[in-house]
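Below are the chains, spelled out letter by letter.
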Amino acid sequence: MNRFKHARPILAVFLLAGCAIGPNYKRPAVETPAAFRDQAAGGDHSFADVAWWDVYRDDRLKDLIRAALVDGYDARIAATRVEQARAIAAQVHGQLFPALGYEAGADRGRNAILGSPNGLGTGSTTNGFDGYGYVGAAWEFDLWGRVRRLNEQARSQYLASEEARRGVLLSLVGQVATDYFELLELDDELAIAHKEMDSFSHSLKLFNQRLAGGIVSKLETSSAEAAMATSAALVPGLERQIAIKENQISVLIGRNPGPILCGARLSDQPVPPDVPIGLPSQLLERRPDIREAEENARAANAGIGVTVGGFLPRIGLSAFLGAVSPELDAITSRKAGLWSIGAEATGPLFQGGGLRGQYRESKAAWEEAKLQYQQTALNAFAEVADALVSRQKLAEVREQQEHAVQAYQDAVKIAIERYSSGNSSYYEVLQEQQLLYPVEVALAQTRRDEFTEVIQLYEALGGGWNLSDSAWLGPKNSFQNPK
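None of these values were measured; they are calculated from a predicted model.

Caption draft 1: Just the nonpolar core, in detail. Within the largest apolar cluster, 57 residues are counted, with the highest numbers of intra-cluster contacts made by Trp 52, Tyr 56, Phe 181 and Val 384. Of all the secondary structure elements, the ones that give two or more residues to this core are helix H2 (52-55), helix H3 (59-71), helix H5 (146-212), helix H6 (218-252), helix H7 (283-286), helix H8 (288-309), helix H9 (354-420) and helix H10 (426-460). In terms of residues, this core owes the most to one element, H5, which gives 13 residues. Setting aside residues no more than four positions away along its own chain, Tyr 56 makes contact with Leu 61, Lys 62, Ile 65, Val 173, Ala 177, Phe 181, Ile 455 and Tyr 458.

What follows is the structure in structure tokens.
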């Protein structure tokens, strides 16, 4: 047994070399509900599993989304951030391996020896010559796992940037779709305003004819003229909003501001059907912002190990092999050869509390990252619940507004018939028309809100989470760049 006594410390060193200092990462605890608020327990299938081009069926919208993913600056900037993080991770990963380098040089000059003035001032070229060359290697022996923690930290930061990019893509898809449906709704509002203006213009023309015949008074024609002017005043404002919305979409798809060609009208778009929601626990694996927050937490946890490594000595190994000679023709001789191998250990003795401060900072950073992860998950549950209840209630609002529009349309028709037969005044017609058009606008806005709530629900569930990078654009044969 005694012969193994001196081998125990060596064995302990090798066992330590297989571990890394600092705590190992453990996902922060999240209180996950069994189901979303006001929802029955869901199955494994989720709306988030559907690709975005199957969610948004308008072909023109699909083209705009693809253009944003290809040419939009948001997507391109996010990609460059990923490349930066990837490069940083590669730099840190390189510290796990020995660093090799070389150096070689030769010197010959006038009034100089070995690159320094000789002070003789003879103006002649001296024969002093120094030649050397060697290859060197240096490596930090990662006994405590400090470099491995650095590598883990950098890798997690890279993965966090990748998740952030996917979050940008998902948000970009949703933003283009939202702006597109808002543009369609503004087009509907403009069409309603033109219809309202034409209706009042027709009434004004009729009243002017009757005024000339002495059938009606100036009061009725003035009322009709005021109603027409009021509706006409809405048109420039709506046209301004449409132009601004088109400019916003143009910027998202990476082109100069200009008109946007739309597809089907909002009223012709099919109402999205009921969709499966899935389980709340699936959000932890699907939502890019939650995955990003977890990678940031993992990186912060690794940072604790990095700071702990600052308390311990660093052991470095170095070696070089080469040749040196004052004569160039002797540089390759065996007598000119040189080599060296060595080891060194460096470590702190007194830092005035600096290292302890770094350690406390890393612990606080881990606590912050953990809380941010938990907060992100909680916000995700709330966003899904908000989208679900909004979608349900908006459907009820739309149903009632459709009934109201139909009733007011019937009322306007009856009022016009009564007025034409002389059984009522123009004010009855005007009153019914003024009640109809706001309800039509409200119905168009509710339809828009229904579509935007579907977009928000898709985002809240982490839609498109299982799409690979090459699949984000969807079927390429249907892509037509709108530029």
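Caption draft 2: A look at the environment of Gln 282. Here Gln 282 is to be found in the loop between H6 and H7. The exposure class assigned to Gln 282 is buried, which follows from its relative accessible area of 15%. In the structure, Gln 282 is positioned 238 residues away from Asp 44 in sequence and 8.5 Å away in space, judged by C-alpha atoms.

Caption draft 3: Region of interest: the packing of aromatic side chains. On inspection of all chains with the given rule, the structure shows 6 aromatic pairs. Measuring from centroid to centroid gives 6.3 Å for Tyr 25 and Trp 366, while their planes differ by 85 degrees, and the two rings are edge-to-face. Of the two residues, Tyr 25 sits in the loop between helix H1 (7-17) and H2 while Trp 366 sits in helix H9, which places them 341 residues apart along the sequence. With respect to burial, Tyr 25 and Trp 366 carry one shared label: buried. Between Tyr 56 and Tyr 458 the ring centres are 6.3 Å apart and the planes differ by 80 degrees, which places this aromatic pair in the edge-to-face class. Here the residue Tyr 56 occupies a position in the loop between H2 and H3, and Tyr 458 occupies one in helix H10, the gap between them amounting to 402 residues. Summarising the burial analysis for this pair, Tyr 56 and Tyr 458 share the class buried. An aromatic cluster of three or more residues is present, and its members are Phe 47, Tyr 56 and Tyr 458. A cation over an aromatic ring shows up here: Arg 76 above the ring of Tyr 73, its NZ or CZ 4.7 Å from the ring centre.

What counts as what
- Residues numbered from 1 in each chain as written.
- Predicted model: local features only at pLDDT ≥ 70, side-chain atom pairs only at ≥ 80, totals over all residues.
- Heavy atoms only, no water.
- Core = buried A, V, L, I, M, F, W, Y, C linked by side-chain atoms within 4.5 Å.
- Buried < 20%, exposed > 50% of the residue type's maximum accessible area, 1.4 Å probe, protein only.
- Helix = DSSP H or I, 4+ residues; strand = E, 2+ residues; numbered from the N terminus.
- Contact = heavy atoms within 4.5 Å.
- Phe/Tyr/Trp six-rings, centres within 6.5 Å; stacked < 30°, edge-to-face > 60°.
- Lys NZ or Arg CZ within 6 Å of the ring centre and 35° of its normal.

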